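Here is what each chain is made of, one letter per residue.
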Amino acid sequence: MKRFHVHLHVDDLNRSIGFYSQLFAAQPARTESDYAKWMLEDPPVNFAISTRGSKPGIDHLGIQTDDAEELAALKARAQAADMALLDEGTTTCCYARSEKHWITDPQGVAWEHFHTLDNIPVFNEAPQPAPDAAPACCAPRDSRATAKQASSCC
């Protein structure tokens, strides 16, 4: 089964956790000082919020797969559609180790396809960006650029 993924940047994490917990009638499956995630079954969605990012709103959308075969099928679809693809392979982000790749839609919205392998105790294991660098979650920093040219914090 595949699960739709949405990641939003928020200004006030605690207030947003309260709002989304009421909206979804469920508490987050994971909460950190800068992050919360709900793994909803109806509808099946991985909904995440974090205080990381330049402004509130949608950071990226995605599809989470249950296994490597589903991930490979999504990758093949993206390549068949002649979409620029940023393949990160095994990487860490959002308190998880995952196999993932990125594509960018015609409007410049970043889409993440990923298969979670394990939970980790930190947001990511990548070196911290320079203090003057634009903060980002895991989406390519400039989602309007082609994925091949984009860099990712993860």
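The structure this text deals with has already been given above.
Below or above, wherever it landed, is the structure these notes cover. (Residues numbered from 1 in each chain as written. Predicted model: local features only at pLDDT ≥ 70, side-chain atom pairs only at ≥ 80, totals over all residues. Heavy atoms only, no water.)

Here we take up unusual backbone geometry. Residue proline 43 follows aspartate 42 across a cis peptide bond; omega there is 0 degrees. With respect to the helices and strands, the residue proline 43 is situated in the loop between strand S3 (35–41) and strand S4 (44–50). A positive phi angle is found at alanine 25, which is not glycine, with a value near 55 degrees. The topology assignment puts alanine 25 in the loop between helix H1 (13–24) and strand S2 (30–32). (Helix = DSSP H or I, 4+ residues; strand = E, 2+ residues; numbered from the N terminus.)

A side chain of one charge can pair with a side chain of the opposite charge when the charged atoms of the two come close. In this structure the tally under the stated criterion is six salt bridges. Taking the shortest distance from any N to any O, the salt bridge between arginine 30 and glutamate 32 comes out at 2.9 Å. Accessibility expressed as a relative area gives 25% for glutamate 32, which makes it partly exposed. One salt bridge connects aspartate 87 with lysine 75, and the closest N-O pair in it is separated by 2.3 Å. Here aspartate 87 is found in strand S6 (residues 85–93), whereas its partner lysine 75 is found in helix H2 (residues 68–80), with 12 residues between them in sequence. Classification of aspartate 87 by relative accessible area gives partly exposed; the value is 37%. With a relative accessible area of 24%, lysine 75 lands in the partly exposed category. (Salt bridge = Lys/Arg side-chain N within 4 Å of Asp/Glu carboxyl O. Buried < 20%, exposed > 50% of the residue type's maximum accessible area, 1.4 Å probe, protein only.)

Right, let's get into empty space enclosed by the protein. A complete count under the given rule lists one cavity of 30 Å³ or more for this structure. One number sums up the size of the largest cavity: a volume of about 120 Å³. Taken together, 14 residues form the lining of the largest cavity, with Tyr35, Asn46, Cys93, Cys94 and Phe114 sitting closest to its centre. Broken down by secondary-structure element, the contributors of at least two residues to the lining of the largest cavity are S3, S4, strand S7 (96–104) and strand S8 (110–119). (1 Å grid on protein atoms, 1.4 Å probe; cavity = no way out; pocket = protein on both sides within 12 Å on 5 of 7 lines; lining within 4 Å. Points joined across faces, edges and corners; volume = space filled by probe spheres on them.)

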